[in-house]
Structures are given as structure tokens and as C-alpha cells.
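Reading the structure
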Amino acid sequence: MSEENNESRSVNMNMDLLSKHSNKIIVSRKTVHCNPIAKFDDTILPLIPYDSALKKYVSDELYNRVKLLFDIRPIWSKEVLVEHLENISTYCLKSCFSKICFYFSDGPWRRTYCKYGYDPRKDSSSYIYQTIDFRDNFYRDIKTKSLDQVNRSIIKKRDHLNAFVTNIIKNINNNKDSLMMRHENDDNTKKNKHLQIKKEIHNEDNYKRHYNTYSEYSSERYGMHNNSNKIENYNDFMNTISSSTSNINSVKHKVDIYSNNNSLNDVYLLEKDEEINDILQFLKRSNTFHLRENFSSEIHFSVSPLKLSTIYQYIDIFDNNVLNYLLNVKTQEICTKDNGWLDSKDITKIRDILFVRSIALRRAHSK
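By the naming in an unreviewed UniProt entry, the protein goes by General transcription factor 3C polypeptide 5, putative and is assigned to Plasmodium malariae.

**Let's talk about the environment of Cys101**
Residue placement: Cys101 occurs in strand S3 (residues 101-104). Since its relative accessible area comes to 0%, Cys101 is described here as buried. Placed 65 residues apart in sequence, Cys101 and Pro36 show a C-alpha to C-alpha distance of 8.1 Å. Look past the residues within four positions of Cys101 in its chain and what remains in contact with it is Asn35, Pro36, Phe70, Tyr113, Cys114, Lys115 and Tyr116.

**Digging into the layout of surface pockets**
Here the largest pocket defines a volume of roughly 510 Å³. The wall of the largest pocket is formed by 24 residues, among which Arg73, Arg285, Ser286, Ile315 and Asp316 lie closest to the centre. Every element with two or more residues in the lining of the largest pocket is listed here: helix H10 (274-285) and helix H11 (320-328). Here the lining of the largest pocket gets 4 residues from one element, more than from any other, and that element is H11. Tallied by class, the residues present in the lining of the largest pocket amount to 15 nonpolar, 5 polar and 4 charged. The residues that make up the lining of the largest pocket include at least three from each of domain 1 (37-122) and domain 2 (124-178 + 263-366).

**Let's talk about the confidence of the model for the protein**
Overall, the prediction assigns the protein a mean pLDDT of 77, with 65% of residues at 70 or greater. Low pLDDT, under 50, characterises residues 21-31; the predicted model gives this stretch 0 contacts beyond four residues in sequence or across chains. Segment residues 207-260: pLDDT under 50, and 41 contacts once partners within four positions in sequence are set aside and those in other chains are kept.

**Quick notes on the packing of aromatic side chains**
The full count for this structure, using the stated rule, is 11 aromatic pairs. Taking the centre distance of 6.3 Å and the plane angle of 40 degrees together, the rings of Phe102 and Tyr116 count as tilted. Of this pair, Phe102 sits in strand S3 while Tyr116 sits in the loop between strand S4 (112-115) and strand S5 (131-135), placing them 14 residues apart in sequence. Taken individually, Phe102 and Tyr116 each receive the classification buried, so the pair is uniform in this respect. When the centroid spacing of 4.8 Å and the interplanar angle of 10 degrees are considered together, the rings of Phe282 and Phe318 count as stacked. Of the two residues, Phe282 sits in helix H10 while Phe318 sits in the loop between strand S6 (309-313) and H11, which places them 36 residues apart along the sequence. Classification of Phe318 by relative accessible area gives buried; the value is 9%. Grouped by ring-pair contacts, the aromatic residues Phe70, Phe97, Tyr103 and Tyr113 constitute a single cluster. One Lys or Arg, Arg362, reaches over the ring of Phe138 and ends 3.8 Å from the middle of that ring.

**Describing the pairing of S3**
As paired elements, strand S1 (residues 37-38) and S3 share 2 bridges and run parallel to each other. Looking at the pairing, Ala38 lines up with Phe104 of S3. Pairing of S3 with S4, which is carried by 4 bridges, proceeds in the antiparallel orientation. Among the inter-strand pairings, Phe104 is bridged to a residue of S4, identified as Thr112.

**So, the pattern of salt bridges**
The final tally for this structure, using the stated rule, is 16 salt bridges. Across the salt bridge formed by Lys337 and Asp106, the nearest N and O atoms sit 3.5 Å from each other. In this pair, Lys337 is assigned in the loop between H11 and helix H12 (344-365) and Asp106 in the loop between S3 and S4, connecting sequence segments 231 residues apart.

**Section: helix H5 (residues 90-100)**
For H5, the set of buried residues is Leu93, Ser95, Cys96, Phe97, Ser98, Lys99 and Ile100. Buried residues along H5 sit in contact with helix H2 (51-54), helix H3 (60-72), helix H4 (78-82), S3 and S4.

**Here's the deal with unusual backbone geometry**
The backbone phi angle of Asn87 is positive, close to 55 degrees, even though this residue is not glycine. With respect to the helices, strands and loops of the structure, Asn87 is situated in the loop between H4 and H5. Looking at Asn87, the relative accessible area reads 75%, which means it is exposed. Residues other than glycine seldom take positive phi values, yet Phe301 does so here, at roughly 60 degrees. Residue placement: Phe301 occurs in the loop between H10 and S6. Residue classification places Phe301 among the buried positions, given a relative accessible area of 0%.

What counts as what
- Residues numbered from 1 in each chain as written.
- Predicted model: local features only at pLDDT ≥ 70, side-chain atom pairs only at ≥ 80, totals over all residues.
- Heavy atoms only, no water.
- Helix = DSSP H or I, 4+ residues; strand = E, 2+ residues; numbered from the N terminus.
- Buried < 20%, exposed > 50% of the residue type's maximum accessible area, 1.4 Å probe, protein only.
- Contact = heavy atoms within 4.5 Å.
- 1 Å grid on protein atoms, 1.4 Å probe; cavity = no way out; pocket = protein on both sides within 12 Å on 5 of 7 lines; lining within 4 Å.
- Points joined across faces, edges and corners; volume = space filled by probe spheres on them.
- Nonpolar A, V, L, I, M, F, W, Y, C, P; charged D, E, K, R; others polar.
- Domains from an automatic or database assignment.
- pLDDT = per-residue confidence, 0-100.
- Phe/Tyr/Trp six-rings, centres within 6.5 Å; stacked < 30°, edge-to-face > 60°.
- Lys NZ or Arg CZ within 6 Å of the ring centre and 35° of its normal.
- Pairing = 2+ DSSP bridges.
- Salt bridge = Lys/Arg side-chain N within 4 Å of Asp/Glu carboxyl O.

Shown next, in the form of C-alpha cells:
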């Protein structure tokens, strides 16, 4: 009897526990990633997106723009890529990324997004896309709560550079867009004229053919032999259409907004600020300048770091000393997890250059 009572009690206790837990909402703390996560030691890097990513809605405009950026350059940090986009929510950006690229969680390309199908471990030229975790010794003895107070003058300079350069970018790209539209209108006008001339020639050809037929018929029937069937303006029409076609081609090649940043020359000559000039020089070299929407000086090392640890991509550091060093560096035969395609001595040298630059910028911006 006692055994039955004990058994019934245990059953009742289990039922009570089950009823309590059944009323609770179980929340999973496991992070759900939109992008495939790649590690340096993976045998094969992701080639295609998840099936779930293909079902996500992404506007054609955003998808085409981001895809174009990854076609131009296979590896991006999120911060720099966002400079080429405007008013995009984090959700939309993640959905778009999941269709185009995967994420590196470690190795020399840590915290970057890489285009599907591209393996930087097999391409020695990809060393320019490697990242460096720069740790500024200035912050080692400073409390986190007082960072804004310490960096007040630098933050002010950062905001000034961002606003000023962004304004230059927008003005140049807007002028190029209007110029391109004007040339497209000219192109359409030339095409319409071209079609009109072709139509007139076609009509003249018909007239000529009909006239010749009539002349031949008349000559045979009435014995008339007259050379008046020649059209005097025919050659003039042919010359006109040839010149029209050449004009259309010249208009097409007159403006190339996708590879020529000569519009920056005028700004460069007029701007007396040395820092602005340095930034404009780097922007002029960029083959994605026409896609830029804004500029962030902090992610290009145009101001000294605002925290202890900051990750930069080599290609995005706006410093002539770093650029010259990277252009002359000799890549290694084997890509390693710690240093990528570079030798550890080269990375140390670049880190020293950045340390000196950080001190110089802090002194200049703290005045």
C-alpha cells in the first residue's frame, strides 16, 4: 500500500513539473547567422548561399549595387562597404549579404565579408585585403568611461572631416550623374536623327528603285534613253549618316564615370587643407568612388583611433607610408593563419608605421 502511495506521489510531482514548464516560453540563445561562417582552416570555403538566404526578400537595387561592389573587390569590411550605401537597415543589409558573400571569423581576413567562390588563401594578391588589429598604447591606462572626454577634440575633427569629404563626394557624383544624363539625352537625339536619316534614305532608295523601274519601262516602251534617274543627294545622305554614327560613338566615349576621377583634380587644387588633400588623393585612386555615398575618417585611419583596439583592412588605410610599404612588400610562398601572405616582420613594420601616425594625428588634432 505504501509503495502505491509513493508511486502515485512521484507521478503527481512529475505532472506538476511538466505543467509548470509547459507554460513557459523557451527562448534559444543560439545565434542565428544569415551568412555562412568560414574559418581559415576550413578545407573548402562557401561557394553558394544557404537555401534560406535565397528565400529572403532583397530589393533589386540593393542587390545589384552590393553585387557590383563585390565584383569590383572580392573582400570588404562591413564598415567600408556601408560607405557605398545609404539609408539601409541592418536587416536588409544582412539579407543582401547572405545572398552574395560569407563571413570570415578568424585568420588574416578576420571580420570581413568575402564573395562566394573566392578563396584568398590561393591568391597571393589578396594580402591587401588582410586585416590588422591595431592596439593603441595611448588607451592602456585610460578608463573606458572617460574616452569621450579624452577624445573630444579628435571627435570634433572626425565629424568635420566626415561632413566635408562626404559633401565633396556627393557634389562630384551628382554632377557626374547630371552630366551623364545630358550626354545620354544627346545620344538619344543623335540616335533619333540617325533613324530619321535612315528613313529618308530608305524612302529615297524606294523612290530611286521605282523611278529606275519606270525609266526602264519607259525606255523599252517609248525608246527613251535618259540618265536623269540618278539621285544627286544620295551621296550627301550617305555622308551625313556616316558622320552621325561617328558623333554617336564620340559621345559614348566622351565621359566615363566608372573609371575616371578627374573631377577630383579641381577640388584637389582648390583645397588648401593638407589632410583633405591626402584623403582626396586616396579617393581619386579608388575604382568605387562613383558608388560612394559618404566618408568615415575613423575607418581609414584619417584620425587617430578612438579606442584601444581597432581593426583595419590594409587597402583602406589612407596613409602614404603604409601604401608604399605594401606596394613593395614581398609575399610569402605559403599563406598562414597568423600572418596570411605577409611575413611577421612586415606586419610589425606596418604596425610601427601606424603607431607613429597615431601619435602624429593625436598631436595635430588635440590643438
